[in-house]
Amino acid sequence: MIRAVKPWNALSPAEQTLMRCGLWQSCLAGTAQQYGIDLRWAGANDAPPLRSYTRDEQRALVPQLAAVALDLVERGLLTVRTRQGLGAAPTDPVVTGPALREVLAEPANWLWSPKTAVTFDLHATESARESWHASALPAPTGDGLPAWDELSREQQRVLISAAEFSGMLTGPFGIWEDLPTELTGVELSEWVDRQLAPLLPYVREGWLEVRHFPVETGEAFTVIPLEDLRTAFADRSLRCDDAEEWVGLRCVFTYEGLAVWRSPDGGVAE
């Protein structure tokens, strides 16, 4: 039975995280980590610091998140499906009854892993989509939004990178040139400043966030605040330019940034 649907702002932080994942048909694995990111972006008192949750911190959240997910399912707003192909699909079988409780109670199903044998996805129901699709991201005001054809090529590359799965700026798969080995001192700082120029306005606006990923096979990251970006991008050990893995410095859209990116008024293509 579908109960009365609350306004988006009346949902708890955990409900909002789960419903965003459902609206985007995201994998259940990684949802506990996303919950911490959502708390931080919302400025919640119980948000993690400028880093990812540890595995133990995520496991500790599972009972709470599982209870919220089960309630959303029972209210006809969310379904949990077993993925049959490479990506989520509306034809994937829905998990119900005791099996659903078992899936939600298992911490391993909430934590991202490259070796997951069975993948479960969250799907918002049509009722939830009708109620919240337009509300899950902040609404752009229309003030100061960039027109795509007015951006420099480097600005466009940064935004496209943030919209992609990797978002890597540095490292072997990054979009930016490696740090020159011969530069030091003032010359190094000036070179880094030129490289950062297309990124800084979006970080300053709160549209993009820069993270450092030290290990390819893990999900652990540290957020680099605006005031520390010059130091971080001048640090060869953080840039990982000479590595051979998906490590280094990455930019991602915040929810406010996604709202700008998706706004037709801003002239920025999806």
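(A) Representation of the pairing of strand 5 (residues 248-253) in the model. Counting buried positions over the six residues of strand 5 gives six, a clear majority of the element. Bridge analysis of strand 3 (residues 208-213) against strand 5 gives six bridges, and the strand direction is antiparallel. Bridge pairing in strand 5 links leucine 208 to phenylalanine 253.

(B) Here's a closer look at the side chain of glutamine 195. Examined against the element boundaries, glutamine 195 turns out to sit in helix 7 (residues 185-196). The exposure class assigned to glutamine 195 is buried, which follows from its relative accessible area of 11%. At 2.9 Å, the side chain of glutamine 195 and the backbone oxygen of glutamate 177 are in polar contact. A polar contact of 3.0 Å, which involves the side chain of glutamine 195, links it to the side chain of arginine 239.

(C) Spatial organisation of the layout of surface pockets. Its boundaries defined by the atoms lining it, the largest pocket holds a volume of some 1400 Å³. Lining the largest pocket are 33 residues; nearest its centre among them are Gln34, Phe165, Arg211, Arg250 and Val252. Those elements that place two or more of their residues in the lining of the largest pocket are helix 1 (13-23), helix 2 (31-41), helix 6 (153-163), strand 3, strand 5 and helix 11 (255-262). A per-element tally of the lining of the largest pocket places helix 2 first, with five residues. Of the residues belonging to the lining of the largest pocket, the class tally is 20 nonpolar, seven polar and six charged. Its volume calculated, the second largest pocket comes out at about 310 Å³.

(D) Examining the sheet that holds strand 4 (residues 222-224) more closely. With antiparallel pairing, the three strands of this open sheet are ordered in space as 4-3-5. Looking along the sheet, the strands with just one partner apiece sit at the ends: strand 4 and strand 5. On average, each strand axis in the sheet is inclined to that of its neighbour by 40°, with strand direction left out of account. Packed on one face of the sheet, helix 2 meets strand 3, strand 4 and strand 5 and runs near 135° to strand 3.

Rules used throughout
- Residues numbered from 1 in each chain as written.
- Predicted model: local features only at pLDDT ≥ 70, side-chain atom pairs only at ≥ 80, totals over all residues.
- Heavy atoms only, no water.
- Buried < 20%, exposed > 50% of the residue type's maximum accessible area, 1.4 Å probe, protein only.
- Helix = DSSP H or I, 4+ residues; strand = E, 2+ residues; numbered from the N terminus.
- Pairing = 2+ DSSP bridges.
- Polar contact = N/O pair within 3.5 Å; in protein donor to acceptor, adjacent residues only side chain to side chain.
- 1 Å grid on protein atoms, 1.4 Å probe; cavity = no way out; pocket = protein on both sides within 12 Å on 5 of 7 lines; lining within 4 Å.
- Points joined across faces, edges and corners; volume = space filled by probe spheres on them.
- Nonpolar A, V, L, I, M, F, W, Y, C, P; charged D, E, K, R; others polar.
- Axes fitted to C-alpha atoms, helices over the stretch in contact; angles between N-to-C directions.
- Contact = heavy atoms within 4.5 Å.

The analysis is restricted to geometry; functional conclusions fall outside its scope.
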